[in-house]
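Descriptive analysis of the structure
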Amino acid sequence: MAKRGNTMHESWKPFLKSEFQKPYFEELAKFLHQAYEVKTIYPKKSQVFSAFSTDLNGVKVVILGQDPYHTPGAAEGLAFSVPDSQPIPPSLINIYKEIDNDIGHHQNKTGSLKNWQKQGVLLLNTVLTVEAHHAGSHRGKGWETFTTATIEYLNKTRPHLVFLLWGRDARNKKSLIDQSKHLVLESPHPSPLSAHTGFFGNHHFSKANHFLAEHGESGIVW
């Protein structure tokens, strides 16, 4: 299984330690240990928990993805993000288009979203691993339980978060979030298959920054 401590910020340790000891996660860890031994799995072990290198106490926005990119070199443990050297994926191209339409111009020159992460954007997939070239192959193995627990923990411990829920998998988590405290923005997924059915024109980026400003937080430089 992944070297769990490699990328995790100290602020997450109490939560993660508790989850790692639960029976469901022990089963998940066994599955992953075997999968990494015999198959090609993305992202690499040291990057599985990259989202949790974001300081919990600085999280402002939560973006929920589905599962990691399943092509070589693309997944780096952050939802929608790819390394600088990789082509920008179609869904992220559409995210950038919506930012341009919404607030004028996106700031990223590549497909890496690490600069968002540094500003307090938690880029969390609902499933954190995938077998090469088999999208959705690690669904139903326990990751959904883990990410549900993560969202419940964020909902409880952090004030005034913005949750961006794009697509069915992410929107299914809506009921976990206290909307009297947090802002929930939902729309279809930015995939080319669905972006034109309501992702484009959702204005989520300006709405997120407006909510943050209302609560005394600096907005995200998208």
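Preceding this paragraph is the structure being described.
First things first, this report covers the structure right here in the doc. (Residues numbered from 1 in each chain as written. Predicted model: local features only at pLDDT ≥ 70, side-chain atom pairs only at ≥ 80, totals over all residues. Heavy atoms only, no water.)

The phi torsion of most residues other than glycine is negative, and most of the peptide bonds are trans. The peptide bond linking Tyr42 to Pro43 adopts the cis configuration, its omega dihedral lying at -10°. Phi is positive for His160, which is not a glycine, with a value near 55°. Within the secondary structure, His160 sits in the loop between α5 (143-157) and β5 (162-166). (Helix = DSSP H or I, 4+ residues; strand = E, 2+ residues; numbered from the N terminus.)

As a further point, take α5. Taking 1.5 Å of rise per residue, 15 residues should cover 21 Å, and α5 covers 21 Å from first to last C-alpha, within 8% of that figure. Every buried residue of α5 is accounted for by Trp143, Phe146, Thr147, Ala149, Thr150, Ile151, Tyr153, Leu154 and Asn155. Where α5 is buried, its residues contact α1 (13-20), α2 (23-38), β2 (61-65), β3 (121-125) and β5. (Expected span 1.5 Å × (residues − 1). Buried < 20%, exposed > 50% of the residue type's maximum accessible area, 1.4 Å probe, protein only. Contact = heavy atoms within 4.5 Å.)

Attention now goes to the pairing of β5. Across the five residues that make up β5, a large majority, five, are buried. Alternating positions in β5 separate into two faces, Val162, Leu164 and Trp166 on one and Phe163 and Leu165 on the other, with burial throughout. Where β2 lies against β5, four bridges are found, and the strand directions are parallel. Bridge assignment links Val62 to a residue of β5, and that residue is Phe163. Inspection of the sheet shows β5 paired to strand β6 (residues 183-187) by five bridges, in the parallel sense. Bridging from a neighbouring strand, Leu164 pairs with Leu185 of β6. (Pairing = 2+ DSSP bridges.)

Positionally, Ser11 belongs in the segment before α1. Among the polar contacts made by the side chain of Ser11, one reaches the main-chain amide nitrogen of Leu56 at a distance of 2.9 Å. In this view, Ser11 contacts Thr54, Asp55, Leu56 and Asn57; residues no more than four positions away in its chain are not counted. (Polar contact = N/O pair within 3.5 Å; in protein donor to acceptor, adjacent residues only side chain to side chain.)

Right, let's get into the sheet that holds β5. Across the sheet, four strands lie side by side as β3-β2-β5-β6; this open sheet has parallel pairing. Two strands lie at the open edges of the sheet, namely β3 and β6, each paired on one side alone. Looking at each pair of strands side by side, their axes are set apart by 15° on average, direction ignored. Judged from the five bridges that link them, β2 and β3 form a sheet pairing that is parallel. By the bridge assignment, Ile63 is partnered in β3 with Leu123. Sheet contacts for helix α7 (residues 204-214): β2, β5 and β6; angle to β6, the most-contacted strand, approximately 180°. (Axes fitted to C-alpha atoms, helices over the stretch in contact; angles between N-to-C directions.)

The final tally for this structure, using the stated rule, is 22 aromatic pairs. Centre to centre, the rings of Phe25 and Phe49 are 6.5 Å apart; their planes meet at 35°, and the pair counts as tilted. Remark: Phe49 occurs in the loop between β1 (41-42) and β2 and Phe25 occurs in helix α2; sequence separation between them is 24 residues. Residue class for Phe49 comes out buried when judged on its relative accessible area of 2%. Through a chain of ring-to-ring contacts, three or more aromatic side chains come together here, namely Trp12, Phe15, Phe20, Tyr24, Phe25, Phe49, Phe52, Trp143, Phe146 and Tyr153. (Phe/Tyr/Trp six-rings, centres within 6.5 Å; stacked < 30°, edge-to-face > 60°.)

With that settled, the discussion passes to the pattern of salt bridges. Inspection of every chain in the model, using the stated rule, returns eight salt bridges. Of the charged contacts, one joins Arg171 and Glu186 as a salt bridge, the two residues approaching to 2.9 Å between their closest N and O atoms. With Arg171 in helix α6 (residues 168-171) and Glu186 in strand β6, the pair connects residues that are 15 residues apart, well separated along the chain. Among the residues examined, Arg171 registers a relative accessible area of 33% and is labelled partly exposed. The class for Glu186 is partly exposed, based on a relative accessible area of 28%. The closest approach of N and O atoms between Glu186 and Lys174, which form a salt bridge, is 2.5 Å. (Salt bridge = Lys/Arg side-chain N within 4 Å of Asp/Glu carboxyl O.)

By secondary structure assignment, the location of Ser50 is in the loop between β1 and β2. Distance in space between the C-alpha atoms of Ser50 and Gln107 is 22 Å, their sequence separation being 57 residues. Engagement of the side chain of Ser50 in a polar contact is seen with the backbone oxygen of Glu76, the distance being 3.3 Å.

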